[in-house]
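Here is what each chain is made of, one letter per residue.
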Amino acid sequence: MTERESALNADSQQQGKKGLSEASERRSAIDDLLSGTFNSILRIEERSLDNRLTEGLTITEVHTIVAIGMYEQNPMNVVAARLCVTMATLNAAVRKLVDKGFVRRTRENDRRKVMVALTKKGRLVYRAHGLFHKQMIDEALSGLSEEEERVLTEALIKVKTFFDERA
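Source: prediction; values computed, not measured. (Residues numbered from 1 in each chain as written. Predicted model: local features only at pLDDT ≥ 70, side-chain atom pairs only at ≥ 80, totals over all residues. Heavy atoms only, no water.)

### Overview of the sheet that holds strand S2 (residues 103–107)
Here's step 1: One open sheet holds the three strands; their spatial order is S1-S3-S2, and the pairing between them is antiparallel. Bordering the open sheet on either side are strand S1 (73–75) and S2, each of which pairs with just one other strand. The average angle at which neighbouring strand axes cross in this sheet is 30°, direction not considered.
Here's step 2: Along the sheet face, helix H3 (residues 76–83) touches S1 and strand S3 (114–118) and points at about 85° away from the line of S1. (Pairing = 2+ DSSP bridges. Helix = DSSP H or I, 4+ residues; strand = E, 2+ residues; numbered from the N terminus. Axes fitted to C-alpha atoms, helices over the stretch in contact; angles between N-to-C directions. Contact = heavy atoms within 4.5 Å.)

### Quick look at the packing of helix H2 (residues 59–68) against H3
Here's step 1: In the contact formed by H2 and H3, the axes pass within 9 Å of each other and the chain directions differ by 125°. On the basis of their axis angle, the class for H2 and H3 is oblique. Crossing of H2 over H3 shows right-handed handedness. Touching His63, Thr64, Ala67 and Ile68 of H2 are Val79, Arg82 and Leu83, all from H3.
Here's step 2: For the contact of H2 with H3, the per-class residue count stands at four nonpolar, two polar and one charged. (Parallel < 35°, antiparallel > 145°, perpendicular 65-115°, else oblique. Left-handed = near helix turned anticlockwise from the far one by under 90°. Nonpolar A, V, L, I, M, F, W, Y, C, P; charged D, E, K, R; others polar.)

### Points about unusual backbone geometry
Here's step 1: Positive phi outside glycine occurs at Cys84, with the angle close to 60°.
Here's step 2: Summarising the element assignment, Cys84 is placed in the loop between H3 and helix H4 (87–100).

### So, the pattern of salt bridges
Here's step 1: Overall, the coordinates contain seven salt bridges when judged by the stated rule.
Here's step 2: Of the charged contacts in the structure, one is a salt bridge between Glu147 and Arg150, with a shortest N-O distance of 2.5 Å. Of this pair, Glu147 and Arg150 are both found in helix H6 (residues 146–166), three residues apart, which corresponds to roughly one turn of the helix.
Here's step 3: Taking relative accessible area as the criterion, Arg150 reaches 37% and is therefore assigned partly exposed.
Here's step 4: In this structure, Glu154 engages Arg150 in a salt bridge whose closest nitrogen and oxygen atoms are separated by 2.5 Å. A residue pair is termed a helical-turn pair when its members lie 3 or 4 positions apart in one helix, as Glu154 and Arg150 do in helix H6 at four residues. (Salt bridge = Lys/Arg side-chain N within 4 Å of Asp/Glu carboxyl O. Buried < 20%, exposed > 50% of the residue type's maximum accessible area, 1.4 Å probe, protein only.)

### What about the pairing of S3?
Here's step 1: Burial runs high along S3: five of the five residues are buried.
Here's step 2: Bridge count for S1 against S3 is three bridges, and the pairing is antiparallel. Bridged to Pro75 within S3 is Met115.
Here's step 3: With five bridges joining them, S2 and S3 adopt antiparallel strand pairing. Residue pairing in the sheet places Thr106 in a bridge with Met115 of S3.
Here's step 4: Joining the antiparallel neighbours S2 and S3 is a turn of six residues.

### Considering the packing of aromatic side chains
Here's step 1: Under the criterion given, the structure shown has one aromatic pair.
Here's step 2: For the pair Phe162 and Phe163, a centre-to-centre distance of 5.1 Å together with 80° between the ring planes defines the contact as edge-to-face.
Here's step 3: Of the residues examined, Phe162 reaches a relative accessible area of 37% and is grouped as partly exposed.
Here's step 4: Here the guanidinium or amino end of Lys121 rests over the ring plane of Phe102, the centre of that ring lying 4.6 Å away. (Phe/Tyr/Trp six-rings, centres within 6.5 Å; stacked < 30°, edge-to-face > 60°. Lys NZ or Arg CZ within 6 Å of the ring centre and 35° of its normal.)

Encoded structure:
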């Protein structure tokens, strides 16, 4: 190998290391962005609970209300699956929501099958939370062009699919 070829090879290896370093830094930044965004959304959601409709509810209880569905009457096991929680965890959450007047629980002819549905008070929380999410997304994306929004959507679909497959 000539001196020139050796120098080019060394330069090429250096560029490869630089590329790996940039990729590593970019991946680290993405990790920070995903974690930071998730935590920020949770904090924003918790602050949004400071209103007359959701007073006294935790964000977990609001998400349980959303999982039950607006006009649906669902079996407890379906709601537990939507939330990825055990039946025991859901039972405790539903008991509290029934006591607070947001959910009603009924039994089918088969006494083992418990159905849950939202009360009028629960539907108000469901609507308020949906509006909160719509406003949050509208504001978060307001500075993006249509093309940037399209690219972001495509990328997030791929990232979400990855996590869904492993959840």
